[in-house]
Structure formats: C-alpha cells, structure tokens
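For reference, the chains in residue letters:
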Amino acid sequence: MYSVQRRAIVLLRAGGRQRCGGMALRAGKWYGAFSVLPTAYREPFREDPVAIRHYRELVVWQKAIELTARCYAMTRRFPVDERFGLTAQIRRAAVSIPSNIAEGHGRLTRGEFLNQLSVARGSLCELETLFVVAGRQNFSSSATLQALSAQADEVGRMLYTMMKKLGARLTS
C-alpha cells in the first residue's frame, strides 16, 4: 500500500526546478510519474500490511468505550441539580477519550495520530480529576469510583504505551 515510502529518492536542483526521478516541481506542482514523492512528504503511520485497518479493532478504543458506558451509568445516579454541572462534564470528558482515539486513527500521519492520542490522554486526566470531585461531594460510592479509576488507569497506560511506540517510529 505504501511501498513508495521505502524507495530512495534523490533530489537534484537544476535550473530553478527540483527533479526527483521522473518528476519536476514547477510553480508548486509536481509533473511526471507518480512514483516519486515531494520533499515535504510525511510518512503515513500505517506501514505494515497487517496493520489495524479500523479504529474499532484498537483495544484501547474498546476499553475507552467501556469506560464511557460505566461513566454514563454512574452519573445517572447523581443528583438532578448536577445534570448540567458535574454530570455533563464527566460525560463529555469520557466521550472525548474514544472519540479522539478514533479521530487520530483516521488521520493520515503518525504525528497527527500522536496529537489526538495526547488530547485523549488529557481528557482522561480530566476525567480522573472529576472522579475525585464526585467522591468528595459523595455523589458516588468509593467502590464505584475506585473501579472507574482503575479502568481509567488501564486506558491511560495503554494510551501511553501506544504513544511511546508511535513516537519511537516517528523519530527513527
């Protein structure tokens, strides 16, 4: 699928044009065969043929969806006057985690994917903070909050590992 990225590319400057294989850059457009890449090309993050094809196959996304469902179940038992406060904020932060994972997977470059994973990790930290607030206000039992915190911690570790592996590929 991305076999072009492994090809060695030699750029030559000749008469104000950049030449690369059978292509020439004139007025910001490439002319010639498709087999050569522009100088500003960024490698896609999907490089092996057995790579995950859909974000729903990502275990971290599946775990984040489970966490979101459990957050919704917990906030149903919150007081009615918190419907537009803590309840809405917990739900938004929880939904943001799998949404950003999916959005990042749909991006074209590894760097963009890493950025979205970073946003998901930030939402996860926000969610953990909201658990603390909910616990201090006695809106939920400590056992429920501990179970949710453990699940959030698992998702966080998976996000960190995924970011670390993708980041290592980006720098190498």
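Residues numbered from 1 in each chain as written. Predicted model: local features only at pLDDT ≥ 70, side-chain atom pairs only at ≥ 80, totals over all residues. Heavy atoms only, no water.

A separate point is the overall build of the protein chain. Counting its secondary structure elements, the protein chain contains 4 helices and 4 strands. Listing each helix as α and each strand as β along the protein chain from the N terminus yields β-β-β-β-α-α-α-α. A buried classification covers 35% of the 172 residues belonging to the protein chain. Long-range contacts, defined here as pairs at least 24 residues apart, represent 66% of the contacts in the protein chain between residues at least 6 apart. (Helix = DSSP H or I, 4+ residues; strand = E, 2+ residues; numbered from the N terminus. Buried < 20%, exposed > 50% of the residue type's maximum accessible area, 1.4 Å probe, protein only. Contact = heavy atoms within 4.5 Å.)

Our focus in this paragraph is the confidence of the model for the protein chain. Within the protein chain, residue pLDDT values average 78, and 68% of them lie at 70 or more. Across residues 1-25, where pLDDT falls below 50, the model places 50 contacts with residues more than four positions away in sequence or in other chains. For the stretch residues 30-50, pLDDT sits under 50, and the model shows 55 contacts to residues farther than four places along the chain or on other chains. (pLDDT = per-residue confidence, 0-100.)

Backbone phi values are negative for most residues with the exception of glycine, while trans is the configuration of most peptide bonds. A positive phi angle, near 55 degrees, is found at Asn138, a position not held by glycine. Following the sequence through the fold, Asn138 ends up in the loop between helix 3 (110-136) and helix 4 (142-171). Residue class for Asn138 comes out exposed when judged on its relative accessible area of 66%.

Bringing helix 2 (residues 86-105) into the picture now. The terminal C-alpha atoms of helix 2, which comprises 20 residues, lie 29 Å apart, in line with the 28 Å expected from a rise of 1.5 Å per residue. Remark: the principal bend of helix 2, roughly 25 degrees, maps to Ile97, with a proline, Pro98, within the next four residues. The buried fraction of helix 2 is high, at 14 of 20 residues. (Expected span 1.5 Å × (residues − 1). Bend = angle between axes of the 7 residues up to and from the residue.)

Attention now moves to the packing of helix 1 (residues 59-75) against helix 2. Contact pair helix 1 / helix 2: the axes reach a minimum separation of 9 Å and the direction vectors enclose 170 degrees. When the interaxial angle is binned, helix 1 and helix 2 end up roughly antiparallel. Considering how the two elements wind past one another, helix 1 and helix 2 form a crossing that is left-handed. On helix 2, the residues that touch Val60, Trp61, Ala64, Ile65, Leu67, Thr68, Cys71, Tyr72, Met74 and Thr75 of helix 1 are Thr87, Ile90, Arg91, Ala94, Val95, Ile97, Pro98, Ile101 and Ala102. (Axes fitted to C-alpha atoms, helices over the stretch in contact; angles between N-to-C directions. Parallel < 35°, antiparallel > 145°, perpendicular 65-115°, else oblique. Left-handed = near helix turned anticlockwise from the far one by under 90°.)

Moving on, we come to the packing of aromatic side chains. Considering all chains together, one arrives at 2 aromatic pairs under this definition. Taken together, a centroid distance of 5.4 Å and an interplanar angle of 45 degrees make the contact between Phe78 and Phe139 tilted. Of this pair, Phe78 sits in the loop between helix 1 and helix 2 while Phe139 is found in the loop between helix 3 and helix 4, placing the two residues 61 residues apart along the sequence. Exposure class is identical for Phe78 and Phe139. Each is buried. (Phe/Tyr/Trp six-rings, centres within 6.5 Å; stacked < 30°, edge-to-face > 60°.)

The next subject is the nonpolar core. Formed by 33 residues in total, the largest nonpolar core has its most connected members in Ile97, Ile101 and Leu127. Secondary structure elements with two or more residues in this core: helix 1, helix 2, helix 3 and helix 4. Ranked by residues supplied to this core, first place goes to helix 3 with 9 residues. Those residues in contact with Leu127 that sit more than four places away from it in its chain are Leu67, Cys71, Ile90, Ala93, Ala94 and Ile97. (Core = buried A, V, L, I, M, F, W, Y, C linked by side-chain atoms within 4.5 Å.)

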